[in-house]
Amino acid sequence: MEGRGASTGADFAAPRADPEGGALDPGSNGPGVTEPAHTVSSPCRFFLAGGCRFGARCRNLHPGAPHTPPEPSSKKPPSKKPPMKTAGDVISRILWDSQLPPSDFTVGHLDRFSGVREDAFTAFCWEDLASVGLEVLAIPQHRIQYFKYRGRVVWDKASRLDDVFGSTGGGRTILEVMEEEAGHQQAVGMGDGGAGLPEAAVAPEREEEEADEAESGPQSHPPAGPRPTHFVAVRITSPELRGSVARLQEALCQADPALAEFCTPLATLHLTLCLLRLDGAGEMQAAITALRELQAEHRRLLPPAPLLRFQGLGTFQRRVLYAAPTPGPELVGLAHALERGFACKGLTIIPLPAQDCFHLTMAKIPVGGEPRLSLPPDSPREELGTQAVESLCLCQVGGGRRTDGFYSTLVELDLY
């Protein structure tokens, strides 16, 4: 038997390729293979039929078609919306930016019972909710829906409007909004403080301000002096009295349909007791403190609540149609107590045109309009209704309306 010698590396050498390009020797799939066989794609049968929808991206051959590189995708990822400044950022800006007067801002917030309400910015306590008491008005910031500057929405959560910082790409900031509003006021003649304008042009929302003062005297324009920014009023809530006012307004409009636009909405019916000029948040807080002190005094002494009885109608120079309550010392005493309380706080009190002539405005034609108001032909002589004075409202002049239609209110206090 012939033995085998030692193995050499040549026995396990990779098979050699045919130098003329022929097929490899059997067993040529070992590690020595340097060029794998090319895979040839078959022609695209859809291209041959003229209906290949992949074009240059097709993995099969397109015989005779020019070679074009695939186009890069033109789709861009959706851009992310810029982050919007929060209600807390707006609050801090109003509180700490000396260029922004807080008294010109109002806040629309969600109330759990009455829906969206609107109140003056200065009516709220913006401290931490954990540190405030039950007697102050405070809300969680997530309930704030919008902010207004002089009746113009400058921040709205639902529509992502931010004209305070311009964070949502609107390109407008609060300083630009203030310049626009100032320019608009100058355009309508507010450069002189509105002394020579009709009341409706100065502030369409104004109620007792100086319109009724102008009507009660021979002058045709409001007198020079400080203009009221707030007023203390008794809101008319009696269904009997509201019904009587509605019937009288209906009779007035039947006699002259054009007077319908001058009738006072039932939701804003009130009796003004005091006019104030409050500049800045400090004076507003002082006025609220004075009212709370009056409230505490009433609850301590428990004086009889004035019951206002309205009977008969009157007019101021055929511009204001009103109903006056029967004169009584209780109402006059309450008005004097209000004035004393505000005077002790150093606040500016603007006297009413006639201290003994409190009245409920039912219709009012602004200064400049044709004075044509007259008593309805069937004006009742019996009592129109009664209203108990059990609460007082400190309202803002021209500050918009609440969701229930009444004036924007800094505070509403129950006296008893």
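Since the structure is predicted, the reported quantities are computational estimates derived from the model, not experimental observations. (Residues numbered from 1 in each chain as written. Predicted model: local features only at pLDDT ≥ 70, side-chain atom pairs only at ≥ 80, totals over all residues. Heavy atoms only, no water.)

### Re the pairing of strand β4 (residues 152-156)
For strand β3 (residues 144-149) and β4, the ladder comprises four bridges, and the chain directions are antiparallel. Its bridge partner being in β4, Phe 147 is matched across the sheet by Trp 155. Counted between consecutive antiparallel strands, the loop separating β3 from β4 contains two residues, among which Arg 150 sits at a positive phi close to 50 degrees. As judged from the two bridges shared by β4 and strand β5 (residues 161-162), these two strands associate in the antiparallel manner. Bridge pairing in β5 links Asp 156 to Leu 161. Between β4 and β5, which pair antiparallel and follow one another directly, the connecting turn spans four residues, one of which, Arg 160, has a positive phi of 55 degrees. (Pairing = 2+ DSSP bridges. Helix = DSSP H or I, 4+ residues; strand = E, 2+ residues; numbered from the N terminus.)

### Here we look at the sheet that holds strand β1 (residues 105-111)
Whenever strands of a sheet pair, they do so through backbone hydrogen bonds, lying parallel or antiparallel. With respect to topology, five strands assemble into an open sheet ordered β2-β1-β3-β4-β5, the strand pairing being antiparallel. On the outer flanks of this sheet lie β2 (115-120) and β5, each paired with one strand and no other. Taken strand by strand, helix α2 (residues 87-96) contacts β1, β3 and β4, and its axis lies near 30 degrees from that of β3. (Contact = heavy atoms within 4.5 Å. Axes fitted to C-alpha atoms, helices over the stretch in contact; angles between N-to-C directions.)

### A closer look at the pattern of salt bridges
Side chains carrying opposite charge are able to pair once their charged atoms draw close together. Under the counting rule described, the total for this entry stands at 14 salt bridges. Arg 152 serves as the salt-bridge partner of Glu 180, at 3.0 Å between the closest nitrogen and oxygen. Note that Glu 180 is positioned in helix α3 (residues 174-187) and Arg 152 in strand β4, a separation of 28 residues in sequence. Across the pair Glu 293 and Lys 345 runs a salt bridge whose closest N-O atoms are separated by 3.0 Å. With a gap of 52 residues between them, Glu 293 in helix α7 (residues 280-301) and Lys 345 in the loop between α8 (329-344) and β11 (348-350) connect regions that are remote in the sequence. (Salt bridge = Lys/Arg side-chain N within 4 Å of Asp/Glu carboxyl O.)

### Here's the deal with the nonpolar core
The nonpolar side chains of a soluble globular protein tend to be buried with one another. Leu 273, Phe 310, Phe 342, Leu 392 and Leu 394 are the most contacted members of the largest nonpolar core, which has 62 residues in total. By residue number, the principal contributor to this core is α7, which donates seven residues. Dropping the residues within four chain positions of it, Phe 310 is found in contact with Ile 236, Leu 241, Leu 271, Ala 323, Ala 324, Pro 325, Leu 360, Glu 383, Leu 384, Gly 385 and Gln 387. Counting 20 residues, the second largest nonpolar core, distinct from the first, contains Met 84, Ile 91, Ile 144 and Phe 147. (Core = buried A, V, L, I, M, F, W, Y, C linked by side-chain atoms within 4.5 Å. Buried < 20%, exposed > 50% of the residue type's maximum accessible area, 1.4 Å probe, protein only.)

### Structural notes on the packing of aromatic side chains
By the definition in use, this model includes seven aromatic pairs. Where Phe 121 meets Trp 126, the ring centres are 4.9 Å apart and the plane angle is 25 degrees; that geometry is what we call stacked. Taking the relative accessible area as the measure of exposure, Phe 121 reaches 2% and is therefore buried. Trp 126 gets classed as partly exposed once you look at its relative accessible area, which sits at 21%. Aromatic pair Phe 147 and Trp 155: ring centres 5.7 Å apart, planes at 70 degrees, arrangement edge-to-face. Ring-pair connections join several aromatic residues into one group, and the members of that group are Phe 121, Phe 124 and Trp 126. Taking the ring centre of Phe 165 as reference, the NZ or CZ of Lys 85 above it sits at 5.5 Å. (Phe/Tyr/Trp six-rings, centres within 6.5 Å; stacked < 30°, edge-to-face > 60°. Lys NZ or Arg CZ within 6 Å of the ring centre and 35° of its normal.)

### Observations concerning the packing of α7 against α8
Where α7 meets α8, the closest approach of the two axes is 9 Å, and the angle between their N-to-C directions is 130 degrees. On the basis of the axis angle, α7 is oblique to α8. As α7 runs across α8, the sense of the crossing is right-handed. From α7, Ala 287, Ala 290, Leu 291, Leu 294 and His 298 reach across to α8, where they touch Leu 334, Ala 337, Leu 338, Gly 341 and Phe 342. In terms of residue class, the contact of α7 with α8 is made up of eight nonpolar, two polar and no charged. (Parallel < 35°, antiparallel > 145°, perpendicular 65-115°, else oblique. Left-handed = near helix turned anticlockwise from the far one by under 90°. Nonpolar A, V, L, I, M, F, W, Y, C, P; charged D, E, K, R; others polar.)

### Describing α7
Here α7 is 22 residues long and its end C-alpha atoms lie 32 Å apart, about the 32 Å a rise of 1.5 Å per residue gives. Of all the residues in α7, the buried ones are Met 284, Ala 286, Ala 287, Ile 288, Ala 290, Leu 291, Leu 294, Gln 295 and His 298. (Expected span 1.5 Å × (residues − 1).)

### Some thoughts on helix α6 (residues 239-255)
With 17 residues, α6 should cover 24 Å at 1.5 Å per step; its first-to-last C-alpha distance of 25 Å lies within 8% of that length. Of all the positions in α6, only Leu 241, Ser 244, Val 245, Leu 248, Gln 249, Leu 252 and Cys 253 are classed as buried. Looking at the buried positions of α6, the neighbouring elements they touch are β8 (307-311), β10 (320-323), β12 (360-364) and β13 (383-388).

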